[in-house]
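If you want the building blocks of each chain, they are given just below.
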Amino acid sequence: MITFFPLNLIEQFSKLPNFYYLVIAIMQMMSLISITNGQPVVMGPLSLSICIQMIKDFIEDYQIRKSDDAENNKKIYLIRTNEIPRIAKWSELRIGDLIKVQKDEQIPADILLIQTSDKWGNAYIDAQNLDGETNLKCKNIQQNLKQLQEQTEEYLSALKMTIKYERPNPYHYLFRGIAEFNNEPITLSQENLVLRGCVLRNVNFIYGIVCYNGHDSKIMLNSMKQLLKCSHLERTLNKLIIFIFQLQIIMCGLGAFLNSLWQLIYNSQLSYLEILNTEFNHNFIKNLFLQWGSWILIFSNLIPILLLVSLDIVKYFQGILITIDQGTYSSEYDIKTSVQSSNLNEELGLVDYIFCDKTGTLTKNQLYFKCLTVNQKSYGKEQTIKNEKVSKSAQVLKVDFSDETFFNDLNQTPKRGPLHEFLLCLSLCHNVIADNNNGQLLYQAKSSDELALVNFARYCGYTFEGLDESNRIIINIRGEIQLYQMIHVFEFNSTRKRFSVIVQDPQNQIILYTKGPDQIMENLMNPISPELKEKTWKDLQEFALIGLRTLLLTKRILPLQIFKEWENGYLQACCASQNKDNQIMNYQAKIEQELELIGGTAVEDKLQEDVGPTIQYLKDAGIKIWVLTGDKVETAINIGYSCQLLNKSLQQIIVDGNNEQSVSNELEQAFQKIQDNNKNSLIISGFALQIAMKPEFSSILMKIAEKCEAVIACRVTPKQKQDIVQLVRENKPNVTTLAIGDGANDVNMIRAAHIGIGIKGNEGLQAAKASDYSIGEFKILKRLILYHGRENYRKNQTFINYNFYKTMLLVLPQYWWAFCNGFSAVLLYDQLLYESYNLFFTSLPIVLYAIFDQEFAADIFTSNPAIYCINKKQKLFNLKIFLYWIFNGTIQAAILSCLTFSIYETSSIYNGMMSDLWTTGAILLGFSVLISNIKIIVCSNNYSIGVIVGLFGSFIIYIILFIIISEKMNQSEMSNSLNASFAQQKFYLTSLLVIGATSIFDLAFTQLAKWSQYAKVEIQHDKVYSLIKKQHIELQDEQQQNQPIPYTQIQQINFPKSHIKQDFIDLAQSQEEN
């Protein structure tokens, strides 16, 4: 609390508008230039603005503080030498402390595992908070420390052990250390380290030594604050604020110069002003700077003081509307759309590129075993029997297979032959964890692929039942238990791209089982018969063409002597203190050779609901979609057709070279192909992409991709996903990119894009937490972009333009009045009314407009993507459109000034008396309030009760404050002004005249645009507008009859480049575009 206020004040005044008004407040206290009698009146609204921002920041910081306190005050069982074991807070933990964690408790620090209730020294943890994966992970005690398993808590509390390990780092899967125990060095790895944030499962308790704590723990080192993303609208706004400030300086300088020049010319005629020769007014240079300062104070409201605060409020409520919108709610998964970065609401209306993960994003990430190929025969393409006839395990999940031929062949050679080897490999080669829960066998796996494969083996009667006390794999083969001794496990990673186990079978044979993608496994296999290879690869190709994910299964029987020699070196590599990981992978690669083919598998990952129509709508909206997947080229192409990303009208360009020369040639050929064809699609492999992204090839790659409606990148790594997004951003800096994914491997891509969207799926919440918006299903993206994005962009740009427009109506009449008073820097308005203009008279209506206005029903936008395409291409917020609003406000301010001054300053008002300057200024300010609120009526498309109350309420507040100042504040210069204004008919006649004159100006500008060369566009515009209105009525009628919404004829119309709604803003915009 003590440090919050000074630090937050520094942060607030680092914002350009706040610092600007702070300078204005200081200038108002300078008596020589002050127009407020030396009072810093701007500090009132400035303080209000800063207070709102500080309250918002305080609430956010307080919530973080509460969360931190709740985390730090959690309890843990602490054991320290020479202390009684006790329950302690997490915040009390220190490096070297021994702690005990019970089942289902969260791990409070990164700890070295030294004892568990599991007799094998294993601990199963839920790491969803850490990496977003929902599967359980297995940690274990280092082999040489398992002697501690049988020790008592008293022994552990007195344990003397020296542990040397690397400094804190953010890498979850990297830990190297050496423990000195009983004068013996023991190598430690990440398998022995349990990380903070994980939850203990499946074991009753563990003991561990704290290695990293607090901010040094890996979860904290990975929880860096995400860089704040700034929308195109905000970036443009910052530039326009600087532009307005420069314009203000120039205009004020001109006014000061003209005043000094006027005084110099007419000085001899100004004796009645009693100007002394010693006064500044008589000195041209000094008067110039003094008047310049005074004019700056008069023009201070050119930059709206509440612009940023009110824009934040608008975006916050727009975010709430996105969240509560039933169209963004996933009923299938019961997930609401969450808005983490509401400052990007309008950026959703400018999306040019979408980078999309496949698994879990386009698909459900619920894999089902579908097909297999063994010994030149494929199975699973035909569904010939019912599931209940296949196996006694009728409740087996993740399997969609009922080929009677397979079971007939399997029964002909029970427990032997190729199919037996195939199922045996599936039940042995995996890292699935079996849990017997009340007699029900449940599986936990690191991936859905593993679950599908092991479940298929179980489906066929080869049931994996877990590990026994001797670390032997228990396999129930159709009622017969067989035990296989687990020797080594080689985990899958992005470098190896395969998974292996070494086991000893009941006949004491040592067997290596390996599975992986065919392009990896092919180079590791012994030569096989051409017929077998041709048939197997043909089957895999056919599986891929129907969108299935394939793997090859292989084995190698290891002679004992060869295995022993290899194992000696492998164990030494596992104990190496330097370059350990590379040495281990090298030894793994040495043994994974001379493999024999067993067969191939194919699993299906089904598409989510409405993925195809959603992608088609987005493509019709002018958005280019890139799908980034780990699948092989054939699978990716088939998925592309399934989700409507590809179609027969697109020329397919495939870049799949395996060296730099071939990739270069394929890129050159592709570039030639696209010259005469604008309907193309690019499919590129991960290896070719790695070469194509080099500086010498990246430019031609982007030229090819730019002429493609769709791009699919296959076999890409998480790092390549991020690199692809950055490549597009670097080569096309003016486009807006959006990345969407569902897993931890998509986080870098999501953060690299202008907009990141995470799907709360089966791979955890890592992507959702790192994103700007999180959704439940891919199909919600259509409504989020085409409706909310488009509308928020339209309303927010109007909000900003309007705020500068209304300040022109307020400030510029003083400049026009200056032509009548020798450019004397005299404030025309009562100070209280002047400062209330932005605070009370014109702030609420535009905020309500920006939150609730709706041009058409949401279904119109989502059914007609061409509307979004028009909006995106025309860029409603740019310098020309902004200058139009400024020009419009300038002209209307001139009209207000001329009418008001000519009526109130040149004729009597009542009883032969003329209006004084302050009354005229107050009336002029009232007209500015009236016209600015009418402007919102002109821009609005619908009028809720709240908007109407806001509009009339704002003007009523002005009238009430006017009456109070006039009748109750006797010291005010406006005292008794009521009789000269609201009590006279002239005021109401002038009001009608002012409204008519300004409205005529707007209509005149619209007609001028029609008479221009864009008249044809406007005619088409009217037709489109009428058609959409007609469609809207038809759509409502169809909805009342519970009929589906059609994809209507409006999609075939050649839309003009102007906006659907016919008004001067869009006409000016169409001029800018053309």
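Bear in mind the structure is a predicted one, so any value in this text is a computation, not a measurement.

**Quick notes on the overall build of the chain**
Right, so step 1: Of the regular secondary structure elements, the chain holds 35 helices and 34 strands.
Right, so step 2: Within the span of the chain, comprising 1074 residues, buried residues form 54% of the whole.
Right, so step 3: Partitioning the contacts of the chain with sequence separation of at least 6, the portion at a separation of at least 24 is 73%.
Right, so step 4: Split by element, the accessible area of the chain, about 47,300 Å² in all, is 54% carbon and sulfur.

**Description of the UniProt feature "binding site: Mg(2+)" (unreviewed entry) in the chain**
Right, so step 1: UniProt records the feature "binding site: Mg(2+)" (unreviewed entry) at Asp 357, Thr 359, Asp 742 and Asp 746, using the numbering of this structure. Sequence-wise these annotated residues cover 390 residues; spatially they are packed, their C-alpha atoms never more than 10.6 Å apart.
Right, so step 2: Using a relative accessible area of 1% as the deciding quantity, one classes Asp 742 as buried.
Right, so step 3: As for its placement among the helices and strands, Asp 746 is situated in the loop between strand S30 (737–741) and helix H23 (747–752).
Right, so step 4: The residues touching Asp 746, leaving out its near neighbours within four places in the chain, are Asp 357, Lys 721 and Gly 741.

**Examining unusual backbone geometry**
Right, so step 1: Of note in this structure, Arg 478 is not a glycine but carries a positive phi near 55 degrees.
Right, so step 2: Counting through the fold element by element, Arg 478 comes out in the loop between strand S20 (472–477) and strand S21 (480–490).
Right, so step 3: Exposure remark for Arg 478: the relative accessible area of 40% places this residue in the partly exposed category.
Right, so step 4: Here the phi dihedral of Lys 497 falls at roughly 55 degrees; this positive angle occurs in a residue that is not glycine.
Right, so step 5: Secondary-structure assignment places Lys 497 in the loop between S21 and strand S22 (499–504).

**Quick notes on the UniProt feature "transmembrane region" (unreviewed entry) in the chain**
Right, so step 1: Feature annotation in UniProt places "transmembrane region" (unreviewed entry) on residues 20–38, 240–262, 292–314, 882–904, 916–938, 945–966 and 986–1005, given in this structure's numbering.
Right, so step 2: This span, residues 240–262, is 100% helix and 0% strand, and a straight line between its end C-alpha atoms measures 32 Å.
Right, so step 3: Secondary structure over residues 882–904 splits into 100% helix and 0% strand, and the C-alpha atoms at its two ends are 32 Å apart.

**Here we look at the environment of Gly 741**
Right, so step 1: Following the sequence through the fold, Gly 741 ends up in strand S30.
Right, so step 2: Along the primary structure Gly 741 and Cys 356 are separated by 385 residues, whereas in three dimensions their C-alpha atoms are 6.2 Å apart.

**Comments concerning the sheet that holds strand S3 (residues 98–102)**
Pairing between the strands of a sheet comes from backbone hydrogen bonds, and it takes one of two forms, parallel or antiparallel.
Right, so step 1: Judged by pairing direction, the sheet is antiparallel, and its 6 strands sit side by side in the order S2-S1-S3-S12-S4-S10 without closing on themselves. Either end of the sheet is taken by a strand with one partner, and the two such strands are strand S2 (86–89) and strand S10 (193–194).
Right, so step 2: Bridge count between strand S1 (residues 75–79) and S3: 3 bridges; the pairing is antiparallel. Bridging from a neighbouring strand, Tyr 77 pairs with Lys 100 of S3.

**Notes on helix H15 (residues 560–574)**
Right, so step 1: Spanning 15 residues, H15 covers 20 Å between terminal C-alpha atoms, matching the ideal 21 Å at 1.5 Å per step.
Right, so step 2: Among all positions in H15, only Phe 563, Trp 566, Glu 567, Gly 569, Tyr 570 and Ala 573 are buried.

**A look at the pairing of strand S17 (residues 433–437)**
Right, so step 1: Bridge count for S17 against strand S18 (residues 440–444) is 5 bridges, and the pairing is antiparallel. When the bridges of S18 are listed, Asn 436 appears paired with Leu 441.
Right, so step 2: Between S17 and S18, which pair antiparallel one after the other, the connecting turn spans 2 residues, and Asn 438 there sits at a positive phi close to 55 degrees.

**Looking at the nonpolar core**
Right, so step 1: Formed by 99 residues in total, the largest nonpolar core has its most connected members in Trp 295, Phe 299, Phe 799, Phe 804, Leu 833 and Leu 925.
Right, so step 2: The leading source of residues in this core is helix H25 (residues 780–818), at 14 residues.
Right, so step 3: Core analysis: the second largest hydrophobic core is formed by 47 residues, Leu 372, Cys 429, Tyr 484 and Ile 511 among them.

**A look at the side chain of Gln 106**
Right, so step 1: Topologically, Gln 106 is positioned in the loop between S3 and strand S4 (110–116).
Right, so step 2: In terms of polar contacts, Gln 106 uses its side chain to reach the side chain of Lys 74, at 2.8 Å.
Right, so step 3: There is a polar contact of 3.3 Å between the side chain of Gln 106 and the backbone oxygen of Gly 197.

**Description of the pattern of salt bridges**
Right, so step 1: Following the criterion strictly, the structure yields 40 salt bridges and no others.
Right, so step 2: Ionic pairing is found between Lys 415 and Glu 480, a salt bridge with its closest N-O pair at 2.6 Å. On the criterion of sequence distance, the pair formed by Lys 415 in the loop between helix H10 (404–412) and helix H11 (417–428) and Glu 480 in strand S21 is long-range, its members being 65 residues apart.
Right, so step 3: Classification of Lys 415 by relative accessible area gives partly exposed; the value is 37%.
Right, so step 4: For Glu 709, the salt bridge identified is with Lys 679, shortest N-O distance 3.1 Å. Note that Glu 709 is positioned in strand S29 (residues 708–714) and Lys 679 in the loop between helix H19 (660–673) and strand S28 (680–685), a separation of 30 residues in sequence.
Right, so step 5: Using a relative accessible area of 25% as the deciding quantity, one classes Glu 709 as partly exposed.

**Here's the deal with the packing of aromatic side chains**
Two aromatic rings, taken as a pair, are described by how far apart their centres are and by the angle between their planes.
Right, so step 1: Here the structure, examined in full by the defined rule, presents 48 aromatic pairs.
Right, so step 2: Ring centres of Tyr 353 and Trp 626 lie 6.1 Å apart, and the angle between their planes is 75 degrees; this geometry places the pair in the edge-to-face category. Residue Tyr 353 is found in strand S14 (residues 353–357), and its partner Trp 626 is found in strand S26 (residues 624–628); the two are separated by 273 residues along the sequence.
Right, so step 3: Ring geometry for Phe 369 versus Phe 401: centroids 6.2 Å apart, planes at 70 degrees, classification edge-to-face.

**Notes on the confidence of the model for the chain**
Right, so step 1: Here the chain averages 83 in pLDDT, and 88% of its residues register 70 or above.
Right, so step 2: The low-confidence segment residues 1009–1074 (pLDDT under 50) makes 122 contacts with residues lying over four places distant or belonging to another chain.

**Some points on the sheet that holds strand S8 (residues 177–181)**
Right, so step 1: If you trace the 3 strands from one edge of the open sheet to the other, you get S7-S8-S9, paired in antiparallel fashion. Looking at the sheet topology across the chains shown, the edges are occupied by strand S7 (162–165) and strand S9 (184–188). With direction set aside, neighbouring strand axes in the sheet form an average angle of 20 degrees.
Right, so step 2: As judged from the 4 bridges shared by S7 and S8, these two strands associate in the antiparallel manner. Bridge assignment links Ile 163 to a residue of S8, and that residue is Ala 179.

Thresholds applied
Residues numbered from 1 in each chain as written. Predicted model: local features only at pLDDT ≥ 70, side-chain atom pairs only at ≥ 80, totals over all residues. Heavy atoms only, no water. Helix = DSSP H or I, 4+ residues; strand = E, 2+ residues; numbered from the N terminus. Buried < 20%, exposed > 50% of the residue type's maximum accessible area, 1.4 Å probe, protein only. Contact = heavy atoms within 4.5 Å. Areas by Shrake-Rupley, 256 points an atom, 1.4 Å probe, with all protein chains shown as cover. UniProt positions renumbered as here; feature names shortened; annotations may be inferred. Pairing = 2+ DSSP bridges. Expected span 1.5 Å × (residues − 1). Core = buried A, V, L, I, M, F, W, Y, C linked by side-chain atoms within 4.5 Å. Polar contact = N/O pair within 3.5 Å; in protein donor to acceptor, adjacent residues only side chain to side chain. Salt bridge = Lys/Arg side-chain N within 4 Å of Asp/Glu carboxyl O. Phe/Tyr/Trp six-rings, centres within 6.5 Å; stacked < 30°, edge-to-face > 60°. pLDDT = per-residue confidence, 0-100. Axes fitted to C-alpha atoms, helices over the stretch in contact; angles between N-to-C directions.

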